[in-house]
Each structure stands twice: as C-alpha cells, then as structure tokens.
Amino acid sequence: MLLLASLAPFSSLSAEPRQEPHLLTESTYTTAVRAANSGLTASSSPMAMDAVSPAGHQGALNTQGAIQGIAIHNASASDAEYLLVPLNLSPTSALSLEIVLQGNIAAAVGNSGNATVPADDPRIVRRRAMQADFLNRRGGTDPGTPLNPATAVPHGQLPAVGDTWRLNNELANQCAAGLSAEADVIWVGDNIIVLTDKSNPAATWNNTDLQNALTAIDTQVYPAVTSKFGPPSDLDGNGKVVIFITQGFNRLDAAASSSGVGLYLPRDKLSRQECATGNVGEVVYMLAPDPTGVVNSNVRTVSYVTGALAPSFARELAHMVLDGHRMASLSPFEETWLDEALGGMAMEQAFYATSVGLGPFSNIVLSNLTTGPNASRRVAAFNTYQNNLYSGWRSWLQFPSNLGVMDSNRINTASSGVQWAFLRYVTDRYAGTSQANETSFLQSLVNSNLTGVDNIRQAINAEPTQWLRDFLLSVYLDDNSKVGTLGSTGIYSMSSWNFRSVYGGLGGFPLRDIA
C-alpha cells in the first residue's frame, strides 16, 4: 500500500476525518443536532489505539530528495495498525512524503492531503492590510482633510446615555476617506461606552438581550481579557473602550458575503496629523442589525448581532492590547499565526468568566458542560465563545497536511482553530496548574518585542518546534484511555480540555478511531 501526501510548512498528516460540528445542547447522552456549525450534544468517541510488537515490523526513512518517504514492512503479515505523524518543520517549503506499507492488506485510506484549502478569512486579510497601512502612515503627514462636521472620540470626556457624538463610520480604508456619522450613546459602564449609528437600518433591539450582552462585556469579558493580557492604551483619555455599532461595518460585506461582527482599526491610534479622518481613541466597530437587508441585501438579524457582540469584542480587545504594546515600543506587529492564537485565547478566557465555575487546567469534559444545575449557562457560554474555536480546529484536524500551525501564509478559520489549540497546549505545558503562570506567560507574549516562533521561544525557554511535535502527538494521545498515563499526564496531555469528550457532543472526534 502506498500513500503520497504533500505537507504544508509547519504541518502534519492525520488519520481519516469524520463528520461536521454542531451546537452544544443541554442534555446527557443524546445525539440531537440543532444546526450545522452550531454547538454541543453528548456522546463521547474515544480513539482506540492498539499496541503492536515492534518485532514483526521494520521501518526505513528517506529524508533526502524532493520526495521523502517511510517504508514499513510487516514480515508476519498479521493484523497491524500504524500511527504516523510526519512533521514538516520548514517555515517556507512544502514537503512531499511517500508512505509504503508492505505485508498488510491495504485498508481504507485516511487523509490523503488533497482536500481543498479553506478560503482566506476576510477579517484576517483586512487586519493585516490595516496594520501595514498604519506602519506606512506612522510618523508622516496625511495630505487629506479632516471631516466636516469633525469626528473623534471626545478626549477626556465621559458621556451620559442620550448624548450624541460624531464618529467616522467609513471602515473600508483607514484614512483616505471618511463619513461623518452621528451616534447616540446608549450605554456607559465601568469599562465600555456603547454608541449606535443614527444612520443604521431600522431594527428593534430586544432590550433585555442587549442589556445582558453589554453587561457581560462590561463586567465579565473586559476584566477576563485584560487580567490576562493587560489593559489597552487610553489615547482618548476616558479610561474606557468605545463600542460603535454602525452600518459602516455592514458596508464592508458585498452581497451574499460576511466578514464577521467586530473590528478594531489601528488607524484610530494615529494622531490627527498622521490620519486626518481617524477617530483618535480606543474603538471597536460592530455590525449593526439589518433585518431586511438594506445594506448590500445582507440580512443581519437582531438576535445574531446581539449574540455575537461579546465574543467579537473579546478577540478585538486582545488585538487592541497587543497592537498597543507594539506601537508604543516601535516593535513589529505580531505574526498573524500567533496573533490569531492570542485572539482565540482571549475568547477562551471570556468563556471561563461566563461559565459558572469552570476554568483552565480542569480537563473539561462534555458532562461538565451539559449536565448539572449550571448546564444551561455553561452550554450558552460554550456556544458563544468556544464553538467557533472548536469548529475551526475540527476543519484543520480533518485535513492537517494542507495547513501549517506556525504559518502566517494561510489565514482562514481552520488555521485560527489549530493555532489556538497549539497555544492552549503550550500554555498548559508551561503553566502547569497555575493561573498566575498562565497570566505571566500570556503577558510575556503580549509585552515582547519579538514575534512568532522567537516570541514563543523566549517565553518558554525551549525550542517551540519540539513542542509543536509533542502537540501533534498529543492530538492522538491526549485523554486516550488505551495509552494510560501517556495521554493523561506529561507532554502528550492537554490539561484544560478533554477534546475527545467535548467533540463527542459536536458530532464526534474529527479523526478516525484506531480499531
């Protein structure tokens, strides 16, 4: 039997994928599905892993030439299974790998590495472009003209509910053009100021749901993220982050497309001289409800927008904090793969803050989420903050040979998912069971002047590619009862999540079980 696969930079090869993810629901040992790409149900699918005697097996590895290979010979031709985890540690070049099995009857092929690579995530594409534009503008003079009427976050002023500000709601570019929009202040909390654009499409908020979402952002999400990443800068002098719900975000999406819900713009950290139309403050822009599709015929329901406010804010706040440190120290922006991993970690911290008693290093299993007196709140927290991360990692697990982990060239939801999972593994391994160690580790990444692999290396004082190798093995071994303590302690375990168990409520673990 011969398999030929191509491995992307910093990637690996997997076993056979399984079905698509679903929403988590509050129930025990059911297989009910609410909607594709949604949340949890309950039925765990642990992976079996048979031990085989090395006496009857021989292997040969070719590491030279354009096609590298491994040959495994089972002299006795008895039943045998093999777990191969090839790893391409080149940051730039793909690797072709030939796998030859001799002495066994050919079984069903697992992952052949020929799946279609997911499309780039427009949110990440836009963020990279606007970081580059910021660097081009910093220290210069914008030849453009400030908007009239003037727009900006009023410096040093705390508004009252009902006040009106003017902000630039043109988000498609940073400074080249702008639109002066009136916005009403609808919330002033301990950490956030929330405004709605007066030009938004007509929509009726569910006031209870909106208040609950903004309360969660103000009292749970903001503290959870800043406790691990540090506070954002305070360029506008009001001690808070502005959330601007505006149809300017809706205009970013062409008909029948979507690029997310939230966006922070580096342009707002530039001075008026550097960017004539920036809002000069800490602002996160959010999608506006559009129940009839007034903007580009894209329907955005009130319930969808309300539910997506908090997780989007968590990620964008992390990016704002991270960028702020790099701007202040004149250091390079973080590489995209680690930038996305940190954004995922921020969403995970928001989950812990809202899940009633759950936290890192507790090896969360499905029943922790779906049963008990806090099940409804924990399920809601998972579906709000964690489900997108699990969904993205599932997509990567189904075809890992196509997408590298420490690779900024592929920027899609699958890459973001595995990058979060890898950083979660590194954090678990580095911190042990100490939340203080987790905090110091994450803040060391945020406050560093280094980027990517160099940043991780400095933080852990070890070689990240070796930890990447161990992480890829842990994907198979973690919480696998067939391998004993190898999958429950040490370098092949992940202490915060029992992924096999939780994926059991999302349609099953994505990799083919070993018989």
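Structure: above.
Residues numbered from 1 in each chain as written. Predicted model: local features only at pLDDT ≥ 70, side-chain atom pairs only at ≥ 80, totals over all residues. Heavy atoms only, no water.

Colleague: Quick one: what's the story with the packing of helix α4 (residues 302–328) against helix α9 (residues 435–447), residue by residue and with numbers?
Modeller: For the pair α4 and α9, the least separation of the axes is 8 Å and the interaxial angle reads 50°. By the criterion of interaxial angle, the relationship of α4 to α9 is oblique. On α9, the residues that touch Val321, Leu322, His325 and Arg326 of α4 are Leu445, Val446 and Asn447. When the residues that make up the contact of α4 with α9 are grouped by side-chain class, the tally is 4 nonpolar, 2 polar and 1 charged. (Axes fitted to C-alpha atoms, helices over the stretch in contact; angles between N-to-C directions. Helix = DSSP H or I, 4+ residues; strand = E, 2+ residues; numbered from the N terminus. Parallel < 35°, antiparallel > 145°, perpendicular 65-115°, else oblique. Contact = heavy atoms within 4.5 Å. Nonpolar A, V, L, I, M, F, W, Y, C, P; charged D, E, K, R; others polar.)

Colleague: If you had to explain the pattern of salt bridges to someone new, which residues and values would you point to?
Modeller: Under the counting rule described, the total for this entry stands at 21 salt bridges. Here Arg127 makes a salt bridge to Asp339, at a shortest N to O gap of 2.7 Å. Placement of Arg127 in helix α1 (residues 122–137) and of Asp339 in helix α5 (residues 336–354) is noted, with a sequence separation of 212 residues between them. In terms of burial, Arg127 and Asp339 fall into one category: buried. The partner of Asp133 in a salt bridge is Arg137, with the nearest N and O atoms 2.8 Å apart. One end of the pair is Asp133 and the other is Arg137, both in helix α1 and 4 residues apart, which spans about a single turn. By sharing partners, the salt bridges in this structure join Lys228, Glu348, Arg424, Asp428 and Glu438 into a single network. (Salt bridge = Lys/Arg side-chain N within 4 Å of Asp/Glu carboxyl O. Buried < 20%, exposed > 50% of the residue type's maximum accessible area, 1.4 Å probe, protein only.)

Colleague: So, the state of the cysteines: which residues are in play, and what are the values?
Modeller: Under the definition given, this model contains 1 disulfide. Each disulfide pairs two cysteine sulfurs, and for Cys175 the partner residue is Cys275, the sulfurs being separated by 2.0 Å. Across the S-S bond linking Cys175 and Cys275, the dihedral sits near -110°, which makes this disulfide left-handed. You can see Cys175 sitting in the loop between β7 (164–168) and β8 (180–188) and its partner Cys275 sitting in the loop between β11 (262–264) and β12 (283–286), a full 100 residues away along the chain. Both residues of the pair, Cys175 and Cys275, count as buried. (Disulfide = S-S within 2.5 Å.)

Colleague: Tell me about the packing of helix α2 (residues 207–229) against α9, residues and numbers included.
Modeller: Close contact between α2 and α9 brings their axes to 7 Å; oriented N to C, the two are set at 75°. The orientation of α2 relative to α9 falls into the category roughly perpendicular. For the pair formed by α2 and α9, the contact residues are Thr226, Ser227, Lys228 and Phe229 on the first element and Gln435, Glu438, Thr439, Leu442, Gln443 and Val446 on the second. Residues of the contact of α2 with α9, tallied by class, amount to 3 nonpolar, 5 polar and 2 charged.

Colleague: Summarise the packing of aromatic side chains; cite the residues concerned and give the values.
Modeller: Summed over all chains, the structure comprises 21 aromatic pairs. Look at Tyr425 and Phe471: their rings are 5.7 Å apart centre to centre, the planes differ by 55°, and that puts the pair in the tilted class. A residue pair is termed long-range when its members are at least 10 positions apart, and Tyr425 in helix α8 (residues 413–431) and Phe471 in helix α11 (residues 464–477) qualify at 46 residues. For Tyr425, a relative accessible area of 0% corresponds to the buried category. (Phe/Tyr/Trp six-rings, centres within 6.5 Å; stacked < 30°, edge-to-face > 60°.)

Colleague: Help me get a handle on the sheet that holds strand β9 (residues 192–197), residues and values and all.
Modeller: Pairing within the open sheet is mixed, and its 6 strands lie in the order β7-β8-β9-β10-β12-β11. Both edges of this open sheet fall to β7 and β11, since each of them pairs with a single strand only. Each neighbouring strand pair of the sheet contributes to a mean axis angle of 35°, computed without reference to strand direction. In the sheet, β8 pairs with β9 via 5 bridges, with the strands oriented antiparallel. Considered in β9, the bridge of Trp187 is made with Val194. Running over the sheet, α4 touches β9, β10 (241–245), β11 and β12 and is turned about 15° from β11. (Pairing = 2+ DSSP bridges.)

Colleague: Explain the environment of Arg251 to me, and be specific about the residues and the numbers.
Modeller: Take Arg251: it is sitting in the loop between α3 (247–250) and β11. Separated by 81 residues in the primary sequence, Arg251 and Glu170 have C-alpha atoms spaced 8.6 Å apart. Apart from residues no more than four positions distant in its own chain, Arg251 is found in contact with Asn169, Glu170, Leu179, Val295 and Asn296.

Colleague: Tell me about the nonpolar core, and please be specific about residues and values.
Modeller: Of all hydrophobic cores here, the largest spans 107 residues; its most connected members are Phe313, Phe351, Trp393, Phe471 and Trp497. With 12 residues, α4 is the single largest residue contributor to this core. Other than its neighbours up to four places away in sequence, Trp393 contacts Gly417, Val418, Ala421, Phe471, Val475, Met494, Phe499 and Tyr503. (Core = buried A, V, L, I, M, F, W, Y, C linked by side-chain atoms within 4.5 Å.)

Colleague: Tell me about α11, and please be specific about residues and values.
Modeller: Its 14 residues give α11 an end-to-end C-alpha distance of 19 Å, which sits within 8% of 20 Å, the value for a rise of 1.5 Å per residue. For α11, the tally of buried residues reaches 11 of 14 residues, placing the bulk of the element in the interior. The secondary structure elements touched by the buried residues of α11 are α7 (375–398), α8, α10 (452–460) and α12 (499–503). Phi turns positive one or two residues past the end of α11, at Asp479, with a value near 55°. (Expected span 1.5 Å × (residues − 1).)

Colleague: Before we move on, can you summarise the side chain of Gln349 with the specific residues and values?
Modeller: Mapped onto the fold, Gln349 is located in helix α5. Exposure remark for Gln349: the relative accessible area of 5% places this residue in the buried category.

Colleague: Quick rundown of the environment of Ala314? Include the residues and the values.
Modeller: As for its position among the elements, Ala314 is in helix α4. Each C-alpha atom, one on Ala314 and one on Gln349, is 8.6 Å from the other, the two residues being 35 residues apart in sequence.

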